[in-house]
Amino acid sequence: MSLRLQLNDYRLTTAEILYRLPDHPTLLQTYIWQELDLAPSYPQLRRFLDFWTRSLEGQLHSVRVAQQGPISPPVLRHATACLTLH
């Protein structure tokens, strides 16, 4: 299922959600959300944020979104250093 979605332009999307603690609104807490989603509309993320605002007490402060690029072959890199700890 994951590969099928990726072939339909879904990409691994990560959102860093900052929200206010219900009992201490001056403090911010971080929540990391990660799912396959479709840019630029992000329907999965929007659905999750709608659920958050309807059902959870922590008021949203900000959301930062990052997305992985399209499917590509793996990259092989050679180590540039070898360190040994005794």
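Computed from a prediction, not measured in an experiment: that's the story for all the values here. (Residues numbered from 1 in each chain as written. Predicted model: local features only at pLDDT ≥ 70, side-chain atom pairs only at ≥ 80, totals over all residues. Heavy atoms only, no water.)

Bringing the overall build of the protein into the picture now. Broken down by element type, the protein carries two helices and three strands. Along the protein, from the amino end to the carboxyl end, the secondary structure elements read α-β-β-α-β. The globule rule puts the C-alpha radius of gyration for 86 residues at 12 Å, and the 18 Å found for the protein is more than 25% above it. The principal-axis extent of the C-alpha atoms belonging to the protein is close to 50 × 45 × 20 Å. In the protein, buried positions account for 19% of the 86 residues. Partitioning the intrachain contacts of the protein with sequence separation of at least 6 by distance along the chain shows that 57% fall at a separation of at least 24. Split by element, the accessible area of the protein, about 7200 Å² in all, is 55% carbon and sulfur. Here the protein contributes 8 positive and 7 negative side-chain charges, whose respective centroids are spaced 7 Å apart. (Helix = DSSP H or I, 4+ residues; strand = E, 2+ residues; numbered from the N terminus. Rg over C-alpha atoms; globule rule 2.2 N^0.38 Å. Buried < 20%, exposed > 50% of the residue type's maximum accessible area, 1.4 Å probe, protein only. Contact = heavy atoms within 4.5 Å. Areas by Shrake-Rupley, 256 points an atom, 1.4 Å probe, with all protein chains shown as cover. Lys, Arg positive; Asp, Glu negative; His and termini not counted. Charge placed at Lys NZ, Arg CZ, Asp CG, Glu CD.)

So, on to the confidence of the model for the protein. The pLDDT averaged across the protein works out to 91; a share of 99% of its residues lies at or above 70. Across the protein, helix α2 (residues 43–55) holds the top mean pLDDT of 97, while helix α1 (residues 2–7) sits lowest at 84. (pLDDT = per-residue confidence, 0-100.)

Here the focus is the sheet that holds strand β3 (residues 60–67). Spatial strand order, β2-β1-β3: three strands in an open sheet with antiparallel pairing. Whereas interior strands pair on both sides, the edge strands pair on one side only; in this sheet they are β2 (28–37) and β3. Within this sheet the neighbouring strands show an average axis-to-axis angle of 20°, counted without direction. Bridging between strand β1 (residues 11–20) and β3 involves seven bridges; their strand directions are antiparallel. Looking at β3, one finds that Leu 18 is bridged to Ser 62. Set on the sheet, α2 makes contact with β1, β2 and β3; between it and β2 the angle comes to about 145°. (Pairing = 2+ DSSP bridges. Axes fitted to C-alpha atoms, helices over the stretch in contact; angles between N-to-C directions.)

Look at α2: 18 Å from first C-alpha to last across 13 residues, which is about the 18 Å you get at 1.5 Å a residue. Taken together, the buried positions of α2 are Leu 45, Phe 48, Leu 49 and Trp 52. The buried residues of α2 all sit within an arc of 95° when viewed along its axis, so they share a single face. Residues of α2 that are exposed and point over 90 degrees away from its buried face: Arg 46, Arg 47 and Arg 54. Looking at the buried side of α2, the elements it contacts are β1, β2 and β3. (Expected span 1.5 Å × (residues − 1). Arc of directions from axis to C-beta.)

Within the element layout of this structure, Asp 37 appears in strand β2. The buried charged residue Asp 37 lacks any salt bridge, with Arg 47 as its nearest oppositely charged partner at 7.1 Å. Separated by 3.1 Å, the side chain of Asp 37 and the backbone nitrogen of Gln 44 make a polar contact. If near-sequence neighbours (up to four positions away) are discounted, Asp 37 is found in contact with Asp 9, Tyr 10, Arg 11, Thr 13, Tyr 42, Pro 43, Gln 44, Leu 45 and Gln 67. (Salt bridge = Lys/Arg side-chain N within 4 Å of Asp/Glu carboxyl O. Polar contact = N/O pair within 3.5 Å; in protein donor to acceptor, adjacent residues only side chain to side chain.)

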